[in-house]
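Analysis of the macromolecular model
Here is what each chain is made of, one letter per residue.
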Number of protein chains: 2
Amino acid sequence: MKKHNFTAGPCILAPSVIENLSNAVKDFDGQGLSLVEVSHREKAYEAVHMEALSLFKELLNIPDGYKVVFLGGGASLQFCMIPFNLMNKKSAYLETGVWASKALKEAKLFGEVVTVASSADKNFSYYPKGYSIPKDADYFHITTNNTIYGTEIHEDMDCPVTLIADMSSDIFSRPVDVKKYGMIYGGAQKNLAPAGVTFVVVREDLLGKVDRKIPTMLDYRTHIKEDSMFNTPPVFAIYAMRETLRWVKSIGGVAKMFEMNKAKANLLYNEIDRNTMFQGTAAKEDRSLMNVCFVMTDKFKEKEADFMTFAKENGMVGIKGHRSVGGFRASLYNALPIESVQALVDCMKEFEKKNA
Amino acid sequence: MKKHNFTAGPCILAPSVIENLSNAVKDFDGQGLSLVEVSHREKAYEAVHMEALSLFKELLNIPDGYKVVFLGGGASLQFCMIPFNLMNKKSAYLETGVWASKALKEAKLFGEVVTVASSADKNFSYYPKGYSIPKDADYFHITTNNTIYGTEIHEDMDCPVTLIADMSSDIFSRPVDVKKYGMIYGGAQKNLAPAGVTFVVVREDLLGKVDRKIPTMLDYRTHIKEDSMFNTPPVFAIYAMRETLRWVKSIGGVAKMFEMNKAKANLLYNEIDRNTMFQGTAAKEDRSLMNVCFVMTDKFKEKEADFMTFAKENGMVGIKGHRSVGGFRASLYNALPIESVQALVDCMKEFEKKNA
């Protein structure tokens, strides 16, 4: 049976990416060796590495003055690397979920942290609006998409201080006006690659302005200087990212991805709003295009387990909601085809017919 | 033509590991999904993860009281994590090569570092002996094998303070008396897995004894507590490690690996010593079983490029020496079959016949 992969991450990648990966594990670039056993100093790998960096810049339309680096350790490691590199005395954070909270917790080790606004009062089901950002903060940190709660900031904001964004779960899902940000970063395991590589886009002139000594591996300048080859890079994950970026380009770039993502999300949100058994959990204006969270209405609450079983029987994978929200979550990352969304919508319709 | 992969790392893995990886990228565990697109919270992956941790402990015969963690970021990240977690005021380092130097450089950010001895005077071609370790050091750090210079410590030393060893390039190549160490760590991309995962074995009672605040991701206790699942682990690399550990077990464990590695190294060193055109670069008593460094004798120095071409024509891959040593380096990691060493030896003999 065809599986529809709605997993929140690591998650679905394009079929051509997976096929190329499987082939490269058998034989990399006609070398007679596997991708997993070639040196990262091998010319054929260096070409992959540099192409991944260059496609990343090209497709996200990154202006001059910004550098892209690929690192290991996950976005969670960035939570301390950001203040290490960019915070002198004071920083500001928008608290919109678990990951934002974890990020601001690390910054507290380095100085004063202002939580500008929080949506914790309503289980992070919306984005706070109308807050004011302290002008003397070294930076303002946001999480543009909240995987767990299904909320997303849909615009690149104007910010009076350096804006830093964790885009782990919506990078490459829409065009981004990079020049509005001082730094954009994220784990690659949603729209780009398998788990194991983290991307950082940083405006180079922001670096080297703090007084503290930074351990070499935690200093962005180390990795910029060496084109992300200061130490052995995660070869396989970067190869996969190169494959995904080629695929994004072949489809029509991030503008086309955005169009497709809107169509997929509309299809599912329309059904959630129409169907008498389901309701969304996020504030409508802040609904994520990437992670669609929904529950059963009070009247049908006891049917949730039945729907889960029914959906699974029809090939849906990974639609269980995170324990802090409950119900269901369908992640509609770039590589998920609209046919999978239609299959889920069909399940919801059929379940309603049988049960409502 | 059959390739003989002598690359220094990332490097050769067992054929069965590569085959299983390629298959798992197509379909993981009969799930109808690729290994690169399943959630790390998926039960089938959790089983792989826990089996990798457990085989690591079993095969290295790790006593109670020690914990194993798998991390991203590379062994280079450990160079700062070690003093972060384990150094109060003073640490001691043995300087035996580039990696040891990089490790001790990071420790200097945290306090006093004593370089107990160094072999820099002879281009790191030997291991210093007869040095004394300060009794008031929080730990003594060694690099057990130097990939670049082809030297190795062959015994687990008795140490008056906590002993910490970077075993990136010889882990699982021989039995280790783990209880003599406070911590053992390394990048996995030699004897265990593709690049992208780092292992740490640490005696748990050593942790939590420093005064400084440690960023969450840099604190070993974070990862111990969550069985290396605090954040998304590098799924593919850990799967590969599980496959390699199963393979090591099937062959007969580290004792058998040690026996095979000695046979391979003897075969090559014997030829280097016999052949009139070649000579080894490392002190004989410190010769590495993993990385065999050799050059041409002065008389035949101008033939180095010719031998490189000849060896390549015969299927040898990755035998160019590191630029700081020159000549040739053949890495004989666990997965390299003795047939490949024999093929290299045959090349050396034939080249001598034609040229000497």
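Residues numbered from 1 in each chain as written. Chains lettered and ligands numbered in written order. Predicted model: local features only at pLDDT ≥ 70, side-chain atom pairs only at ≥ 80, totals over all residues. Heavy atoms only, no water.

Our focus in this paragraph is the UniProt feature "binding site: L-glutamate" (unreviewed entry) in chain A. The UniProt feature table records "binding site: L-glutamate" (unreviewed entry) at A:Arg41. Mapped onto the elements of the fold, A:Arg41 is located in the loop between α1 (15-26) and α2 (43-59). (UniProt positions renumbered as here; feature names shortened; annotations may be inferred. Helix = DSSP H or I, 4+ residues; strand = E, 2+ residues; numbered from the N terminus.)

As a further point, take the packing of α1(A) against helix α1 (residues 15-26) of chain B. Following both chains from N to C, one finds α1(A) and α1(B) inclined at 175°, their axes separated by 8 Å at the closest point. Relative to α1(B), α1(A) is oriented roughly antiparallel. Between α1(A) and α1(B), the contacting residues are A:Ile18, A:Leu21, A:Ser22, A:Val25 and A:Lys26 on the first element and B:Ile18, B:Leu21, B:Ser22, B:Val25 and B:Lys26 on the second. Grouping the amino acids of the contact of α1(A) with α1(B) by side-chain chemistry returns six nonpolar, two polar and two charged. (Axes fitted to C-alpha atoms, helices over the stretch in contact; angles between N-to-C directions. Parallel < 35°, antiparallel > 145°, perpendicular 65-115°, else oblique. Contact = heavy atoms within 4.5 Å. Nonpolar A, V, L, I, M, F, W, Y, C, P; charged D, E, K, R; others polar.)

Residues and elements named next belong to chain A. When cut into domains, chain A gives domain 1 (15-251) and domain 2 (253-355). On a C-alpha basis, the centroid separation for the pair domain 1 and domain 2 is 27 Å. Of the roughly 2200 Å² buried where domain 1 meets domain 2, counting both sides, 57% is carbon and sulfur surface. At the junction of domain 1 with domain 2, the criterion picks out two salt bridges. (Domains from an automatic or database assignment. Buried area = accessible area lost by both parts, 1.4 Å probe. Salt bridge = Lys/Arg side-chain N within 4 Å of Asp/Glu carboxyl O.)

This brings us to helix α8 (residues 304-313) of chain A. Residues and elements named next belong to chain A. What α8 keeps buried is the set Glu304, Phe307, Met308, Phe310 and Ala311. Along the long axis of α8, the arc covered by the buried residues comes to 165°, so they all point the same way. Facing away from the buried side of α8 by over 90 degrees, the exposed positions are Ala305, Lys312 and Glu313. In this structure, the buried side of α8 is in contact with β11 (278-280), β12 (291-296), β13 (316-317), β14 (328-331) and α9 (338-355). The positive-phi residue at the C-terminal boundary of α8 is Gly315, with phi of around 95°. (Buried < 20%, exposed > 50% of the residue type's maximum accessible area, 1.4 Å probe, protein only. Arc of directions from axis to C-beta.)

The next thing to look at is the pairing of strand β9 (residues 183-187) of chain A. All names here are of chain A. Within β9, five of the five residues are buried, which leaves it mostly tucked inside the rest of the structure. Taking every second residue as pointing to the same face, both faces of β9 are buried, with Met183, Tyr185 and Gly187 on one and Ile184 and Gly186 on the other. Where strand β8 (residues 163-166) meets β9, three bridges bridge the pair, whose relative direction is parallel. Looking at β9, one finds that Asp166 is bridged to Tyr185. Pairing analysis gives five bridges linking β9 to strand β10 (residues 198-203), with the strands arranged antiparallel. (Pairing = 2+ DSSP bridges.)

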